[in-house]
Amino acid sequence: MAEQIPLYPVRSAAAVAAANRKRATYLSAAGPGPGADRPSRYQLEDESAHLDEMPLMMSEEGFENDESDYHTLPRARITRRKRGLEWFVCGGWKFLCTSCCDWLINICQRKRELKARTVWLGCPEKCEEKHPRNSIKNQKYNIFTFIPGVLYEQFKFFLNLYFLIVSCSQFVPALKIGYLYTYWAPLGFVLAVTIMREAVDEFRRFQRDKEVNSQLYSKLTVRGKVQVKSSDIQVGDLIIVEKNQRIPSDMVFLRTSEKAGSCFIRTDQLDGETDWKLKVAVSCTQRLPALGDLFSISAYVYAQKPQLDIHSFEGTFTRVGLLDLELNQLTKALFLALVALSVVMVTLQGFAGPWYRSLFRFLLLFSYIIPISLRVNLDMGKAAYGWMIMKDENIPGTVVRTSTIPEELGRLVYLLTDKTGTLTQNEMVFKRLHLGTVSYGTDTMDEIQNHLVNAYAQTQCQAGGSSTASTPPRKAQSSAPKVRRSVSSRVHEAVKAVALCHNVTPVYEARGMAGETEVAEADQDFSDDNRTYQASSPDEVALVQWTESVGLTLVSRDLTSMQLRTPSGQILTYCILQTFPFTSESKRMGVIVRDESTAEITFYMKGADVAMASIVQYNDWLEEECGNMAREGLRTLVVAKRALTEEQYQDFESRYNQAKLSLHDRTLKVAAVVESLEREMELLCLTGVEDQLQADVRPTLEMLRNAGIKIWMLTGDKLETATCIAKSSHLVSRTQDTHVFRPVTSRGEAHLELNAFRRKHDCALVISGDSLEVCLKYYEHEFVELACQCPAVVCCRCSPTQKAHIVKLLQQHTGRRTCAIGDGGNDVSMIQAADCGIGIEGKEGRQASLAADFSITRFKHVGRLLMVHGRSSYKRSAALGQFVMHRGLIISTMQAVFSSVFYFASVPLYQGFLMVGYATVYTMFPVFSLVLDQDVKPEMAMLYPELYKDLTKGRSLSFKTFLIWVLVSIYQGGILMFGALVLFESEFVHVVAISFTALVLTELLMVALTVRTWHWLMVVAELLSLGCYMASLAFLNEYFDVAFITTVTFVWKVSAITVVSCLPLYVLKYLKRKLSPPSYSKLSS
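Everything numeric in this text was worked out from a predicted model, so none of it was measured.

What counts, and at which threshold
Residues numbered from 1 in each chain as written. Predicted model: local features only at pLDDT ≥ 70, side-chain atom pairs only at ≥ 80, totals over all residues. Heavy atoms only, no water. Helix = DSSP H or I, 4+ residues; strand = E, 2+ residues; numbered from the N terminus. Buried < 20%, exposed > 50% of the residue type's maximum accessible area, 1.4 Å probe, protein only. Contact = heavy atoms within 4.5 Å. Areas by Shrake-Rupley, 256 points an atom, 1.4 Å probe, with all protein chains shown as cover. UniProt positions renumbered as here; feature names shortened; annotations may be inferred. Polar contact = N/O pair within 3.5 Å; in protein donor to acceptor, adjacent residues only side chain to side chain. Pairing = 2+ DSSP bridges. Axes fitted to C-alpha atoms, helices over the stretch in contact; angles between N-to-C directions. Disulfide = S-S within 2.5 Å. Expected span 1.5 Å × (residues − 1). Core = buried A, V, L, I, M, F, W, Y, C linked by side-chain atoms within 4.5 Å. Parallel < 35°, antiparallel > 145°, perpendicular 65-115°, else oblique. Left-handed = near helix turned anticlockwise from the far one by under 90°.

This part takes up the overall build of the protein chain. Helix and strand counts for the protein chain stand at 36 helices and 30 strands. Counting only residues that meet the buried cut, the protein chain has 53% of its 1085 residues in that class. In the protein chain, of all internal contacts separated by at least 6 residues, the share reaching a separation of at least 24 is 76%. Accessible surface, the protein chain: about 49,800 Å² in total, of which carbon and sulfur atoms supply 58%.

Structure follows, in structure tokens:
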């Protein structure tokens, strides 16, 4: 992960702290690790001789490159573009505009050439090039681009662009139909609401960015320490990072308060792993007497040019939901219907006179077929859904950060989730110890403690007796029960092996403030309450914490020794002779120690069962018990030992050192020497550790599976760990088989393994990131097709870029909606690539939650977010969108009938305020109240997640349902207009009064027909709209005959027309519910 960055001293050895763009790279610094002035045993073999040239930690996440992590992947298939008018209408105009803008941007802003950099120690002013600010910016616009940007986002939709053109046409006298406000008032209202909503969202993003960028850090200057904001850190600044403080940018590790220069770093924002990793500072700056000496030298870092690595991620600005795209397609269909209707009317006129002018006037008359209020109603509805989500007491702390896609929560087919911190708490707990003949669980740990007390009591008796008379103690020992002594001895050996075979270091807090020099031992508090453990793996910490709980405590450790405290308080000292760290290839780690009290040398080793099975002596229980623990979701480790004589160890050390000095095949020779010890080792025990799952993860995953959602787990963790969590969380059910995809490196291997996988049926897939990359390189389509058939997929060792790539592959190959959920900075790329991103605020910071569309506090909240709010948002928006279209279609049908009766004249039926009032005060509140409708209760939606499957098919909003609403609109519009024409007697103004009143009443009744669950606000909206219309009749003298509308004749005619237009629909709805009830109605009954 680190680059090779040489350090060039000018007068004497020095270094520089280089800070770069913050964006996603966050690390955590733990307290300095313990140590002395000995060379670190954690380093590579030759590090002690070349510490000055060791790789430094500097990520280049903030830079971009033309190259791609997956440049070898085949390019996506490019379909042949449509040409001509069809191409222009279907999006070609937008393509041309985008291409022109991109061309202008490329002309004005040349691509920045990436090159190597020289960064001077503590001297930002010496930088040869200008670097960007160290600030996070999630805002979409600035003060200059806000208005143009918002207008572009609105008018790129066909619906709004069409109405802009129609409104502008009213400035042409020959095309003018009515008053200007008839067209510009609705359009202005839509734009005003949109601009206000975007302004609120943008201000919230600004506040979140300001909070992060305003975090204070200590900056070292020649005058001492000063406090600076995170956004004010410059390249070349020297920054002091305290314990448990996030590292604010890409940095070079120069110095620590610990003598050996070691420090534990957590990289959770890079790879999602919350374990601590030991890093060593640059030795030449670490050796300086004081911090101030960093300014007395002159040095610089010469860093190679930025390279694209796993820290890079792609971002997206705007999300558009599937429902918006579907409605956009329907508006295009309405536009084609509008053009066709206008052409028919001109054709029936016989193309008399200036027919093209008549054609354009008909286009304007029927323009209400495409409702301008559709966008504003949907946007206001989405805002209401977001408010309901954030006010839901069952999912406290949920934040809606993108208010444009709540309906996406109801259309998801694939859920891609991170593991660490998302499904799990990353808190390991020791659960099981198995000795072959006896097993201990959490409820029998006190027995282990008793065995340990007895074992060490006998040891002390033997030690005390050996100084006086050796025989009596042996007789006393032989008189003890043989079985009990055997079990106590075995438990003692197992616990001691676990307490010694690890890489854990106990750390103690200082009593006072740490100064420039190291804290003296007198100022350290060595009590148990003040001790914490740090290690490269949380499993290791869990094991050491367990040995402490049963009485054998790790109290100190340095580079060459460690000390244990027995239950009686005795301190046992062990000299560390050799350490063999864990690697993904060996799957085991070992340590050789010498007991300073007895001079016994013991080789302890622990590892995965697949690696240890051939190393330990023959047994008949290991394989079976490992399988049992794995089925319980426990992470197993096999622990073994081998006693060595002094001669055996000296022989091994000689061969080991010789192998390390070999110039050829050094790694193989070293491994061969170590393997010479790994023979016929005594099997001591099998341990089981559980990575605690988040609360209610199992029922939530089961609910999602029952809802038809396929779950993929993408993690940067090891294969064994990922598989274990997949089983313990029930992501993979106990009855399902698991196919572990073998590591492949070539096309032939990938071909064979894919064929082997193809023969498996209904089994979960587990694959590593390296093998995945090879498969996608040669067999992308085949692999995705096979993987999509699996009930669950686990991808381990995935980089952030790979996670995002998998999301895009699913979108391209399946066309289904995807959702990504994570909690760390390494999940941001995946979250932003998905159609819907959910971030969890957890231990890995807030970066994922800030970049996501929805932020939650617990994984279990996903269930209610999708089953209840996703369902409601989608069903409500589908009903709302189609009803608004119906409202425009019905009045356009009436206009068409009116023009046909009066010799195809292009004269408007309703003018002025009637048209504006119809779409606003007369029908707006009842129509918008559909956002409160629900088909099933939230409790029912959670109890029967199978209902969610119907949503993914998109049946609530489709061309079929759209066609039904079109037919309903044509029927009702025809009845209203023909009825008014048949029933009116003398004056034309009576036609307007009868038809418009019946139209308003019909719309109010249709809302009542559409509602499935009444809310008191719906009743208020209906009565309020009816009251507004009745009250306005007194002021509409220009359009109505007030004397006529107060007569009984007017009332019965309006009532008769309204009943004829609505009653048949009520009958049909009743019959449909009786003969073919929907699934949710069966549950409700």
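What follows continues from the structure just given.
With that out of the way, let us pick up the UniProt feature "binding site: Mg(2+)" (unreviewed entry) in the protein chain. With numbering aligned to this structure, UniProt lists the feature "binding site: Mg(2+)" (unreviewed entry) at D418, T420, D823 and D827. Across 410 residues in sequence, these annotated residues keep their C-alpha atoms within 10.7 Å of one another, forming a single compact spot. Mapping D823 onto the fold places it in the loop between β28 (817-822) and α24 (828-833). Its relative accessible area of 1% is what places D823 among the buried residues. Looking at D823, its side chain comes within polar contact range of the side chain of T422, at 3.3 Å.

Moving on to the pairing of strand β22 (residues 635-644). Within β22, 8 of the 10 residues are buried, which leaves it mostly tucked inside the rest of the structure. One ladder, built from 7 bridges, connects strand β21 (residues 601-607) with β22; its direction is antiparallel. For Y604, the partnering residue across the bridge sits in β22 and is K641. Summarising the sheet, β22 and strand β23 (residues 682-693) pair through 7 bridges and their orientation is antiparallel. The residue bridging A640 from the neighbouring strand is L683, located in β23.

Take the side chain of H434 next. For H434, the location among the structural elements is in strand β13 (residues 424-434). There is a polar contact of 3.4 Å between the side chain of H434 and the side chain of E625. For H434, the contacting residues outside a window of four places in its chain are S439, W621, E625, M629, C685 and L686.

In terms of burial, strand β20 (residues 588-595) is largely enclosed, as 7 of its 8 residues are buried. Across 6 bridges, the pairing between strand β19 (residues 571-580) and β20 is antiparallel. By the bridge assignment, Q578 is partnered in β20 with I592. In the sheet, β20 pairs with β21 via 7 bridges, with the strands oriented antiparallel. Its bridge partner being in β21, I592 is matched across the sheet by F603. Between β20 and the antiparallel strand that follows it, β21, lie 5 residues; A599 among them carries a positive phi value of about 65 degrees.

Taken together, 3 strands build an open sheet; the order of strands is β5-β4-β6 and the sheet is antiparallel. A single partner strand is all that each edge strand has here, and the edge strands are β5 (224-229) and β6 (238-240). Strand-to-strand twist in this sheet, taken as the mean axis angle between neighbours without regard to direction, amounts to 45 degrees. Here strand β4 (residues 216-221) pairs with β6 via 3 bridges, running antiparallel. The residue bridging S218 from the neighbouring strand is I240, located in β6.

Attention now goes to the state of the cysteines. Applying the stated criterion to the full structure yields 0 disulfides. The thiol of C796 is unpaired, and the distance to the nearest cysteine sulfur, on C798, comes to 7.1 Å. Among the residues examined, C796 registers a relative accessible area of 1% and is labelled buried.

This part takes up helix α13 (residues 538-549). In this model α13 runs 16 Å from its N-terminal to its C-terminal C-alpha over 12 residues, within 8% of the 16 Å that 1.5 Å per residue would give. Within α13, burial applies to D539, E540, V541, A542, L543, V544, W546 and T547. In the segment just after α13, G551 is the residue with positive phi, at about 120 degrees.

Ranked by size, the top nonpolar core spans 94 residues in total, and within it I838, F854, L865 and L866 carry the most contacts. If you tally residues by element for this core, the top one is helix α26 (residues 861-901), at 12 residues. Counting residues in each nonpolar core, the second largest holds 43 residues, with Y533, M562, I576 and V689 among its members.

On to the packing of helix α18 (residues 697-706) against α26, then. Between α18 and α26, whose axes approach to 9 Å, the crossing angle comes to 25 degrees. It follows from the interaxial angle that α18 and α26 lie roughly parallel. In the crossing of α18 with α26, the sense of the turn from one axis to the other is left-handed. Residue-level contacts link T700, M703 and L704 of α18 to V862, G863, L866 and M867 of α26.

Right, let's talk about the sheet that holds β21 for a bit. Strand pairing in a sheet is mediated by backbone hydrogen bonds. Such pairs are either parallel or antiparallel. Taken together, 9 strands build an open sheet; the order of strands is β14-β13-β23-β22-β21-β20-β19-β18-β17 and the sheet is antiparallel. Every other strand in the sheet has two partners, leaving β14 (439-440) and β17 (553-557) as the edge strands with one partner each. Judged from the 2 bridges that link them, β13 and β14 form a sheet pairing that is antiparallel. Within the sheet, the bridge partner assigned to L433 lies in β14 and is Y440. Against the sheet, α13 engages β13, β17, β20, β21, β22 and β23, with an angle of about 50 degrees to β13.

On to the side chain of T961, then. As for its placement among the helices and strands, T961 is situated in helix α31 (residues 959-983). Overall, the relative accessible area of 16% leaves T961 in the buried class. For T961, the side chain forms a polar contact with the main-chain oxygen of S958, separated by 2.9 Å. With residues near it in sequence (within four places) discarded, T961 still touches Q882, R955 and S956.

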